[in-house]
Amino acid sequence: MADRIEEEAREGGAAAVELGPLAREVIFMVRNLNALLRPEGQRMRAALAVESGAIGVLALIWINPGISQNDLAASLALKKSAVARSVKMLEEQGLVARRRAASDRRANALTLTEAGHEKMAIFRPLSAALHERLFEDVPAEDRETFVRVLGALVEKLSAQPQG
(Lines give C-alpha, C1' and ligand atoms only; values in the text may rest on other atoms or scores of the structure.)
Protein backbone atom coordinates (compact mmCIF):
# COMPACT_ATOMS: atom_id res chain seq x y z
CA MET A 1 0.00 0.00 0.00
CA ALA A 2 2.81 2.41 0.85
CA ASP A 3 4.28 1.78 -2.60
CA ARG A 4 0.97 2.76 -4.22
CA ILE A 5 0.89 6.00 -2.23
CA GLU A 6 4.41 6.82 -3.38
CA GLU A 7 3.62 5.86 -6.99
CA GLU A 8 0.50 8.04 -7.04
CA ALA A 9 2.47 10.92 -5.51
CA ARG A 10 5.03 10.66 -8.31
CA GLU A 11 2.30 10.56 -10.98
CA GLY A 12 0.69 13.67 -9.49
CA GLY A 13 3.97 15.56 -9.60
CA ALA A 14 4.44 15.52 -5.84
CA ALA A 15 7.63 14.22 -4.31
CA ALA A 16 7.51 10.62 -3.15
CA VAL A 17 7.61 10.41 0.60
CA GLU A 18 8.66 7.27 2.41
CA LEU A 19 6.09 6.41 5.06
CA GLY A 20 8.27 3.83 6.76
CA PRO A 21 6.62 2.41 9.87
CA LEU A 22 3.78 4.96 9.57
CA ALA A 23 2.36 2.85 6.73
CA ARG A 24 1.48 0.28 9.43
CA GLU A 25 0.27 2.75 12.08
CA VAL A 26 -3.50 2.62 12.35
CA ILE A 27 -3.91 6.16 13.65
CA PHE A 28 -1.75 7.65 10.88
CA MET A 29 -3.40 5.68 8.08
CA VAL A 30 -6.96 6.22 9.34
CA ARG A 31 -6.29 9.94 9.69
CA ASN A 32 -5.04 10.06 6.08
CA LEU A 33 -7.98 7.97 4.88
CA ASN A 34 -10.37 10.31 6.66
CA ALA A 35 -8.72 13.35 5.07
CA LEU A 36 -8.86 11.76 1.61
CA LEU A 37 -12.52 10.79 2.04
CA ARG A 38 -13.58 14.22 3.34
CA PRO A 39 -14.34 15.62 -0.17
CA GLU A 40 -16.54 12.57 -0.87
CA GLY A 41 -18.45 13.23 2.33
CA GLN A 42 -18.83 16.89 1.38
CA ARG A 43 -20.28 15.89 -2.00
CA MET A 44 -22.78 13.54 -0.35
CA ARG A 45 -23.80 16.14 2.21
CA ALA A 46 -24.28 18.67 -0.58
CA ALA A 47 -26.45 16.22 -2.53
CA LEU A 48 -28.55 15.65 0.59
CA ALA A 49 -28.42 19.27 1.80
CA VAL A 50 -27.45 18.22 5.32
CA GLU A 51 -24.65 19.23 7.67
CA SER A 52 -21.62 17.22 8.74
CA GLY A 53 -22.49 14.25 10.92
CA ALA A 54 -26.12 14.19 9.86
CA ILE A 55 -25.72 11.30 7.42
CA GLY A 56 -24.48 8.92 10.11
CA VAL A 57 -27.31 9.96 12.42
CA LEU A 58 -29.92 9.50 9.68
CA ALA A 59 -28.46 6.16 8.60
CA LEU A 60 -28.44 4.69 12.10
CA ILE A 61 -32.01 5.84 12.75
CA TRP A 62 -33.01 4.35 9.38
CA ILE A 63 -31.45 1.00 10.31
CA ASN A 64 -32.69 1.13 13.93
CA PRO A 65 -36.11 2.82 14.03
CA GLY A 66 -36.97 3.75 17.60
CA ILE A 67 -33.31 3.99 18.69
CA SER A 68 -32.72 6.15 21.76
CA GLN A 69 -30.51 9.21 21.62
CA ASN A 70 -28.19 7.57 24.18
CA ASP A 71 -27.77 4.44 22.04
CA LEU A 72 -27.29 6.62 18.97
CA ALA A 73 -24.53 8.58 20.74
CA ALA A 74 -22.80 5.38 21.82
CA SER A 75 -23.00 3.92 18.31
CA LEU A 76 -21.49 7.05 16.78
CA ALA A 77 -18.88 7.50 19.51
CA LEU A 78 -20.20 11.01 20.10
CA LYS A 79 -21.11 12.97 23.19
CA LYS A 80 -24.80 12.91 24.09
CA SER A 81 -24.93 16.70 23.76
CA ALA A 82 -23.61 16.54 20.18
CA VAL A 83 -26.23 13.94 19.23
CA ALA A 84 -28.96 16.00 20.92
CA ARG A 85 -27.99 19.03 18.81
CA SER A 86 -27.88 16.96 15.62
CA VAL A 87 -31.24 15.33 16.34
CA LYS A 88 -32.79 18.72 17.12
CA MET A 89 -31.49 20.14 13.84
CA LEU A 90 -32.76 17.12 11.86
CA GLU A 91 -36.11 17.35 13.63
CA GLU A 92 -36.36 21.05 12.70
CA GLN A 93 -35.62 20.09 9.08
CA GLY A 94 -38.47 17.58 9.20
CA LEU A 95 -36.19 14.55 8.74
CA VAL A 96 -36.43 12.96 12.19
CA ALA A 97 -39.34 12.45 14.58
CA ARG A 98 -38.71 12.26 18.30
CA ARG A 99 -41.20 10.72 20.71
CA ARG A 100 -41.02 9.45 24.27
CA ALA A 101 -40.04 5.80 24.41
CA ALA A 102 -42.81 3.57 25.77
CA SER A 103 -40.33 1.56 27.84
CA ASP A 104 -38.61 4.60 29.40
CA ARG A 105 -40.47 7.91 29.46
CA ARG A 106 -37.17 9.75 30.02
CA ALA A 107 -35.75 8.51 26.70
CA ASN A 108 -36.58 9.61 23.17
CA ALA A 109 -37.32 7.06 20.47
CA LEU A 110 -36.11 8.35 17.10
CA THR A 111 -37.57 7.53 13.70
CA LEU A 112 -37.21 8.97 10.24
CA THR A 113 -40.02 10.98 8.75
CA GLU A 114 -41.07 10.47 5.15
CA ALA A 115 -38.60 13.22 4.18
CA GLY A 116 -35.89 11.42 6.15
CA HIS A 117 -36.59 8.22 4.24
CA GLU A 118 -36.36 10.21 1.00
CA LYS A 119 -32.90 11.46 2.03
CA MET A 120 -31.82 7.88 2.71
CA ALA A 121 -33.14 6.83 -0.72
CA ILE A 122 -30.76 9.41 -2.21
CA PHE A 123 -27.86 8.52 0.11
CA ARG A 124 -27.80 4.73 -0.28
CA PRO A 125 -26.97 4.68 -4.03
CA LEU A 126 -24.34 7.41 -3.54
CA SER A 127 -22.76 5.45 -0.70
CA ALA A 128 -22.86 2.16 -2.61
CA ALA A 129 -21.26 3.77 -5.69
CA LEU A 130 -18.49 5.27 -3.56
CA HIS A 131 -17.89 1.93 -1.87
CA GLU A 132 -17.63 0.17 -5.23
CA ARG A 133 -15.29 2.82 -6.62
CA LEU A 134 -13.02 2.67 -3.57
CA PHE A 135 -12.82 -1.11 -3.61
CA GLU A 136 -12.95 -1.76 -7.37
CA ASP A 137 -9.36 -3.06 -7.49
CA VAL A 138 -9.51 -4.84 -4.13
CA PRO A 139 -10.29 -8.59 -4.20
CA ALA A 140 -13.56 -9.52 -2.45
CA GLU A 141 -11.69 -11.54 0.18
CA ASP A 142 -9.53 -8.54 1.06
CA ARG A 143 -12.63 -6.30 1.25
CA GLU A 144 -14.21 -8.69 3.72
CA THR A 145 -11.02 -8.89 5.79
CA PHE A 146 -10.70 -5.10 5.85
CA VAL A 147 -14.29 -4.61 6.98
CA ARG A 148 -14.05 -7.40 9.57
CA VAL A 149 -10.81 -6.05 11.06
CA LEU A 150 -12.10 -2.47 11.03
CA GLY A 151 -15.26 -3.64 12.82
CA ALA A 152 -13.18 -5.54 15.39
CA LEU A 153 -11.12 -2.42 16.11
CA VAL A 154 -14.24 -0.30 16.53
CA GLU A 155 -15.79 -2.91 18.82
CA LYS A 156 -12.62 -3.18 20.92
CA LEU A 157 -12.27 0.57 21.30
CA SER A 158 -15.99 1.00 22.01
CA ALA A 159 -15.74 -1.42 24.91
CA GLN A 160 -12.93 0.60 26.54
CA PRO A 161 -13.72 3.51 28.85
CA GLN A 162 -13.36 6.80 26.96
CA GLY A 163 -11.56 9.74 28.45
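These numbers come from a predicted model, not from an experiment. (Residues numbered from 1 in each chain as written. Predicted model: local features only at pLDDT ≥ 70, side-chain atom pairs only at ≥ 80, totals over all residues. Heavy atoms only, no water.)

Considering the packing of aromatic side chains
The test is simple: Planes of paired rings set the category: under 30 degrees apart is stacked, over 60 is edge-to-face and the rest tilted, where pairs are Phe, Tyr or Trp rings (Trp by its six-membered ring) whose centres lie within 6.5 Å. Helix and strand assignments come from DSSP, with helices taken as H or I runs of at least 4 residues and strands as E runs of at least 2, each series counted from the N terminus. Buried residues are those whose accessible area, probed at 1.4 Å on protein chains only, stays under 20% of the maximum for their type, while exposed residues exceed 50% and partly exposed ones sit between those limits.
In the structure shown here, the tally under the stated rule is one aromatic pair. Arranged with centres 5.7 Å apart and planes meeting at 55 degrees, the rings of Phe135 and Phe146 form a pair that is tilted. Taken together, the positions of Phe135 in helix α6 (residues 114-135) and Phe146 in helix α7 (residues 140-159) put the pair eleven residues apart, joining distant regions of the chain. A relative accessible area of 12% places Phe135 in the buried class. Residue Phe146 is classed as partly exposed on the basis of its relative accessible area, which comes to 38%.

Notes on the environment of Lys119
The condition that has to hold: We call two residues in contact whenever any of their non-hydrogen atoms come within 4.5 Å of each other.
As for its placement among the helices and strands, Lys119 is situated in helix α6. Lys119 sits in the buried class, given a relative accessible area of 19%. The contacts of Lys119, once residues within four sequence positions are left out, are Leu48, Ala49, Leu58 and Leu95.

Digging into the side chain of Arg143
Rules: We call two N or O atoms a polar contact when they sit within 3.5 Å, provided that within protein one can donate a hydrogen and the other can accept it, with sequence-adjacent residues counted only if both atoms are side-chain atoms.
By secondary structure assignment, the location of Arg143 is in helix α7. A polar contact of 3.3 Å, which involves the side chain of Arg143, links it to the side chain of Glu132. When residues no more than four places from it in sequence are discounted, the contact partners of Arg143 are His131, Glu132, Phe135, Glu136 and Val138.

Considering the pattern of salt bridges
Threshold: Whenever Lys or Arg places a side-chain nitrogen within 4 Å of a carboxyl oxygen from Asp or Glu, that contact is recorded as a salt bridge.
Inspection of the entire model under this criterion finds four salt bridges. Across the pair Arg133 and Glu40 runs a salt bridge, and its minimum N-O distance is 2.4 Å. You can see Arg133 sitting in helix α6 and its partner Glu40 sitting in helix α2 (residues 26-48), a full 93 residues away along the chain. The exposure class of Arg133 is partly exposed, given its relative accessible area of 43%. What makes Glu40 buried here is its relative accessible area of 15%. Beyond isolated ion pairs, a larger network of salt bridges with shared partners links Glu40, Arg43 and Arg133.

Looking at the sheet that holds strand β1 (residues 67-68)
Note the threshold: Any two strands with at least two DSSP-identified bridges between them are counted as paired. Lines fitted to C-alpha atoms define the axes, with helix axes restricted to the stretch in contact, and inter-axis angles between N-to-C directions lie between 0 and 180 degrees.
The three strands lie next to each other as β1-β3-β2, forming an open sheet whose pairing is antiparallel. Looking along the sheet, the strands with just one partner apiece sit at the ends: β1 and β2 (96-100). Judged from the two bridges that link them, β1 and strand β3 (residues 108-112) form a sheet pairing that is antiparallel. Pairing of Ile67 across the sheet is with Leu110, part of β3. Together, β1, β2 and β3 form the strand contacts of helix α3 (residues 54-63), whose direction differs from that of β3 by roughly 95 degrees.

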